[in-house]
Amino acid sequence: MIFELSEYYNSQAEAWQALENDEPCHPPMFFNEWVTHQYLTDKTARVEKFEI
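Anyway, here's the lowdown on the structure attached to this text. (Residues numbered from 1 in each chain as written. Predicted model: local features only at pLDDT ≥ 70, side-chain atom pairs only at ≥ 80, totals over all residues. Heavy atoms only, no water.)

### Looking at the overall build of the chain
Next up, step 1: Along the backbone of the chain there are 2 helices and 0 strands.
Next up, step 2: Looking at the 52 residues of the chain, the share that counts as buried comes to 12%.
Next up, step 3: When contacts within the chain are restricted to residue pairs at least 6 apart in sequence, those whose partners lie at least 24 apart make up 50%.
Next up, step 4: Of the accessible surface of the chain, which amounts to about 5000 Å², a share of 54% is contributed by carbon and sulfur atoms. (Helix = DSSP H or I, 4+ residues; strand = E, 2+ residues; numbered from the N terminus. Buried < 20%, exposed > 50% of the residue type's maximum accessible area, 1.4 Å probe, protein only. Contact = heavy atoms within 4.5 Å. Areas by Shrake-Rupley, 256 points an atom, 1.4 Å probe, with all protein chains shown as cover.)

### Overview of a nonpolar patch on the surface
Next up, step 1: Taken together, the side chains of M1, F3, W16, L19, F30 and F50 present a nonpolar region at the surface, about 620 Å² in accessible area.
Next up, step 2: Here F3 is to be found in the segment before α1 (12–20). (Patch = residues over 30% accessible without salt bridge, like charges linked within 9 Å, V, L, I, M, F, W, Y side chains within 5 Å. Salt bridge = Lys/Arg side-chain N within 4 Å of Asp/Glu carboxyl O.)

### Focus on the packing of aromatic side chains
Next up, step 1: In this structure the tally under the stated criterion is 1 aromatic pair.
Next up, step 2: Seen from their ring centres, F31 and W34 are 5.8 Å apart, and the 40° between their planes marks the pair as tilted. A residue pair is termed a helical-turn pair when its members lie 3 or 4 positions apart in one helix, as F31 and W34 do in helix α2 (residues 31–34) at 3 residues.
Next up, step 3: What makes W34 buried here is its relative accessible area of 8%. (Phe/Tyr/Trp six-rings, centres within 6.5 Å; stacked < 30°, edge-to-face > 60°.)

Note that every value here comes from positions in space, so none of it alone points to a role or purpose.
Laid out in structure tokens, this is it:
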């Protein structure tokens, strides 16, 4: 599942804190669905994968 935040955060810790605080984010999507909607042009963009 992809949980895409609505805002930009300066650090990974800030992003995790935003998730814990229920900050606005886009509805979660399965990766295979999410990737079809992406047109990434930012060469520094990162996707983090973790096991639950």
